[in-house]
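# Notes for the structure review
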Amino acid sequence: MATAGNSRRAVGVGLLCCCLWTVTLAAVTTPNPTIIVKEGESAELQCSYSSDFTSPRVEWKFVNKDQETSFVFYDGSLTASYKDRAIPYPQGITLKQITRKDAGEYSCEVTSTGSKTLYGEAKIQLQVIVAPSKPVAQVPRSVSTGSVAELLCVENDGYPPPTFIWYRNKSPMQIAPQNSTYTIDPKTGVLKFAAVSTSDSGEYYCEATNNQGKQASDLVRMDVQAVGDPLLLALAEDVNVGGIVAAVVIVLLILALIGFGMWFAYSRGYLDRKENKKVIYSLPSETRSDKNFQQTSSFLV
């Protein structure tokens, strides 16, 4: 059984090698491997191949930004989604009314069969110049003081790739501020706080700009909640100084009122007062005793 299995595997490998050897790579080229057009214009996708191909079979494939593959031209005709906006010819295709969704990679694949199988392909990158679409500001709605916060500005349609700027409370934020707790990457649109404070609370939005135009996102509010030890917060800028001063003043007023009330009650006699009582010490009077007894009269028996 082992010998039979090995034999079958050897035959399979032999057939595979045979197939590989019978496919020959041939020259397929394009004069413009990168094409840049504005949205709404037309694009010429050209593909040429050598005379080695006899009865060539030409196919066009498209891979979009999401790496999804679809056919543009297959089995001698345009596919359904391209029939109304493309014109095929022997060595190329004209795409009309280009949109941003047409940006991606186009492959011209040529094959022919005969005494030997020939195969070749040429790839074309189509870049569509378009103004940015409306970006999306991804902002955390609530964060705690001292934590890291990352805000994203997302825009995927604009070409050339746009640059980004952030606004807080309708005022532009500096890209590279000095002595600040945040940084902004204008190429990626990332706004990052190393340690947020309550002063970072506010309404945020971002703006994407290229040479075709600019677009702004919606406003999104971020609230920073103060947490932690009160003493540490008092030392930080998160402390509400006005509130602390008001509390101290109220306590002093309460103490003053208590003192005035006690003074008033005491002055009106509502509180018991201890009177100073004089203590008089006197010597006891002499009493009659046998010592100083005097006979005043005599008695006769």
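The rules behind each value
Residues numbered from 1 in each chain as written. Predicted model: local features only at pLDDT ≥ 70, side-chain atom pairs only at ≥ 80, totals over all residues. Heavy atoms only, no water. Phe/Tyr/Trp six-rings, centres within 6.5 Å; stacked < 30°, edge-to-face > 60°. Buried < 20%, exposed > 50% of the residue type's maximum accessible area, 1.4 Å probe, protein only. Helix = DSSP H or I, 4+ residues; strand = E, 2+ residues; numbered from the N terminus. Polar contact = N/O pair within 3.5 Å; in protein donor to acceptor, adjacent residues only side chain to side chain. Pairing = 2+ DSSP bridges. Axes fitted to C-alpha atoms, helices over the stretch in contact; angles between N-to-C directions. Core = buried A, V, L, I, M, F, W, Y, C linked by side-chain atoms within 4.5 Å. Contact = heavy atoms within 4.5 Å. Salt bridge = Lys/Arg side-chain N within 4 Å of Asp/Glu carboxyl O. Patch = residues over 30% accessible without salt bridge, like charges linked within 9 Å, V, L, I, M, F, W, Y side chains within 5 Å. Areas by Shrake-Rupley, 256 points an atom, 1.4 Å probe, with all protein chains shown as cover. pLDDT = per-residue confidence, 0-100. Disulfide = S-S within 2.5 Å.

Moving on to the packing of aromatic side chains. Across all of its chains, the model carries 6 aromatic pairs by this definition. Here F71 and Y74 contribute two aromatic rings whose centre-to-centre distance is 4.6 Å and whose plane-to-plane angle is 50°, an arrangement assigned as tilted. The exposure class assigned to Y74 is partly exposed, which follows from its relative accessible area of 39%. Aromatic rings pair up to connect Y182, F193 and Y204 into one cluster.

Turning our attention to the side chain of N64. As for its position among the elements, N64 is in the loop between β6 (57-63) and β7 (69-74). Of note is the side chain of N64, whose polar atom sits 2.9 Å from the backbone nitrogen of E68.

This part covers the sheet that holds strand β13 (residues 136-138). With antiparallel pairing, the 4 strands of this open sheet are ordered in space as β13-β15-β19-β18. Each end of this open sheet is capped by a strand with a single partner; those strands are β13 and β18 (182-185). The sheet shows a mean angle of 10° between the axes of neighbouring strands, taken without regard to direction. With 3 bridges joining them, β13 and strand β15 (residues 149-154) adopt antiparallel strand pairing. Each bridged residue has a counterpart across the sheet, and for A137 the counterpart in β15 is C153.

By size, the foremost hydrophobic cluster in this structure holds 28 residues, and its most contacted members are W60, Y82, I93, L95, Y106 and L126. Every element with two or more residues in this core is listed here: β3 (34-38), β4 (43-46), β6, β7, β10 (92-95), β11 (104-112) and β12 (117-129). Dropping the residues within four chain positions of it, Y106 is found in contact with L45, W60, K61, F62, V72, Y82, L95, A122, K123, I124 and L126. L151, W166, Y182 and V224 belong to the second-largest nonpolar core, a separate cluster that totals 20 residues.

Note that S70 resides in strand β7. In this structure S70 comes out as partly exposed when scored by relative accessible area, which is 30%. Along the chain, S70 and S81 lie 11 residues apart, while their C-alpha atoms are 10.0 Å from each other. In this view, S70 contacts W60, K61 and F62; residues no more than four positions away in its chain are not counted.

On inspection of all chains with the given rule, the structure shows 9 salt bridges. Note that K61 and E109 form a salt bridge whose closest N and O atoms lie 3.5 Å from each other. Residue K61 is located in strand β6, and its partner E109 is located in strand β11; the two are separated by 48 residues in the primary sequence. Between R85 and D102 there is a salt bridge, with the nearest N and O atoms lying 2.7 Å from each other.

Bringing a nonpolar patch on the surface into the picture now. A cluster of nonpolar side chains, namely I244, V248, I250, V251, L252, I254, L255, I258 and M262, defines an oily patch on the protein surface of about 860 Å² accessible area. Along the chain, I254 turns up in helix α3 (residues 241-267). On the accessibility criterion, I254 (44% relative accessible area) is partly exposed.

The next subject is the pairing of strand β19 (residues 190-193). Covered by surrounding structure in β19 are L191 and F193 only, the residues V190 and K192 on the alternate face being uncovered. Pairing geometry for β15 and β19, over 4 bridges, is antiparallel. The partner of E150 across the bridge, within β19, is K192. Taking the residues that link successive antiparallel strands as the turn, the β18-β19 hairpin has 4 residues, and the phi of G189 there is positive, at about 80°.

Turning to the confidence of the model for the chain, a few remarks are in order. The predicted model of the chain averages 82 in pLDDT, with 77% of residues at 70 or higher. β13 holds the highest mean pLDDT among the elements of the chain, 98, whereas helix α1 (residues 2-22) holds the lowest, 46. Here residues 10-21 scores under 50 on pLDDT; set against residues more than four positions off or in separate chains, the count is 0 contacts. Across residues 287-301, confidence stays below pLDDT 50; counting only partners more than four residues off in sequence or on other chains, it has 2 contacts.

Right, let's talk about the sheet that holds β4 for a bit. Taken in spatial order, the 3 strands make up an open sheet running β4-β10-β9, and their pairing is antiparallel. Where the open sheet ends on each side, the last strands, each with one partner, are β4 and β9 (86-89). Averaged over all pairs of adjacent strands, the angle between strand axes in this sheet comes to 15°, irrespective of strand direction.

Before going further, it helps to spend a moment on the state of the cysteines. With the rule as written, the count across this model stands at 2 disulfides. Across a sulfur-sulfur distance of 2.0 Å, C47 and C108 are joined as a disulfide pair. The S-S bond linking C47 to C108 shows a torsion near -75°; that makes this disulfide left-handed. Here C47, found in the loop between β4 and β5 (48-49), pairs with C108, found in strand β11; they are 61 residues apart in sequence, far enough to count as distant. Summarising the burial analysis for this pair, C47 and C108 share the class buried. One disulfide bridge connects C153 with C206, the sulfur atoms lying 2.1 Å from each other. With the S-S dihedral at roughly 80°, the linkage between C153 and C206 falls on the right-handed side. Note that C153 is positioned in strand β15 and C206 in strand β20 (residues 202-210), a separation of 53 residues in sequence.

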